[in-house]
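Tertiary structure, described
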Amino acid sequence: LTFNPTTQAVVPHNFAFGLAYIDMIISDGSGGYFVAAEEAIVNGIPQKNLIRILSDGSIDSNFQLTVSGVIEDMVSDGTTLFIGGSFVSVNGLPR
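As a starting point, this report considers the structure included with it. Since the model is a prediction, treat every value here as computed from it, not as a measurement.

Further remarks concern the environment of Ile 22. Looking at the secondary structure, you find Ile 22 in strand S3 (residues 17–27). Residue Ile 22 is classed as partly exposed on the basis of its relative accessible area of 32%. Each C-alpha atom of the pair Ile 22 and Ala 37 lies 4.1 Å from the other, and the pair is 15 residues apart in sequence.

Okay, here's the thing in C-alpha cells:
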C-alpha cells in the first residue's frame, strides 16, 4: 500500500500508473478510487480528467466525465462526488 499524506489516501498496488500527472486520489467508499489526473496511463490505458478505479483494479468504463480544466479538490459523501477546481464545464455543461 501507498499512503499519500496530502490527500490521506491509501492506494493499493492492484493497478498500475504509467506516465501520470495526478492531482488527487480519494476513496469511492466501495474499495475503489476516484483519481483526478491531467493525464495518466492506468493499467496501460491513456486517461485524463477524472478516472474511477474499481476495487478489482480495473477502470470503470461507465464512469466518464470530461472536465474543461484541472480538478483541484474532490469530496465524496458515499453517493455523490463533488469536484472543485479551475474548470468551466463538466461534460459540456457549465459549472
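After that view of the structure, there is still more to cover.
With respect to the element layout, Ile 59 can be found in the loop between strand S5 (45–53) and strand S6 (67–76). Among the residues examined, Ile 59 registers a relative accessible area of 21% and is labelled partly exposed. On a C-alpha basis, the gap between Ile 59 and Gly 32 in space is 9.5 Å, while along the polypeptide they are 27 residues apart.

For the rest of this paragraph, the subject is unusual backbone geometry. Phi angles above zero are rare outside glycine, and Asn 91 is one such case at about 50°. Summarising the element assignment, Asn 91 is placed in the loop between strand S7 (81–90) and strand S8 (93–94).

What follows concerns a negative patch on the surface. Side chains of Asp 23, Glu 38, Glu 39, Glu 72 and Asp 73 sit close together on the surface and give a patch of like negative charge. Mapped onto the negative patch, the elements with two or more residues apiece are strand S4 (33–42) and S6.

The buried count for S4 comes to seven of ten residues, which makes it a mostly enclosed element. Examined bridge by bridge, S4 and S5 share eight bridges and lie antiparallel to one another. Across the sheet, residue Phe 34 finds its bridge partner in S5, namely Arg 52.

Here the focus is the side chain of Asn 49. You can see Asn 49 is positioned in strand S5. Other than its neighbours up to four places away in sequence, Asn 49 contacts Val 35, Ala 36, Ala 37, Glu 38, Leu 65, Thr 66, Val 67, Gly 69 and Ile 71.

About the criteria used
Residues numbered from 1 in each chain as written. Predicted model: local features only at pLDDT ≥ 70, side-chain atom pairs only at ≥ 80, totals over all residues. Heavy atoms only, no water. Helix = DSSP H or I, 4+ residues; strand = E, 2+ residues; numbered from the N terminus. Buried < 20%, exposed > 50% of the residue type's maximum accessible area, 1.4 Å probe, protein only. Patch = residues over 30% accessible without salt bridge, like charges linked within 9 Å, V, L, I, M, F, W, Y side chains within 5 Å. Areas by Shrake-Rupley, 256 points an atom, 1.4 Å probe, with all protein chains shown as cover. Salt bridge = Lys/Arg side-chain N within 4 Å of Asp/Glu carboxyl O. Lys, Arg positive; Asp, Glu negative; His and termini not counted. Charge placed at Lys NZ, Arg CZ, Asp CG, Glu CD. Pairing = 2+ DSSP bridges. Contact = heavy atoms within 4.5 Å.

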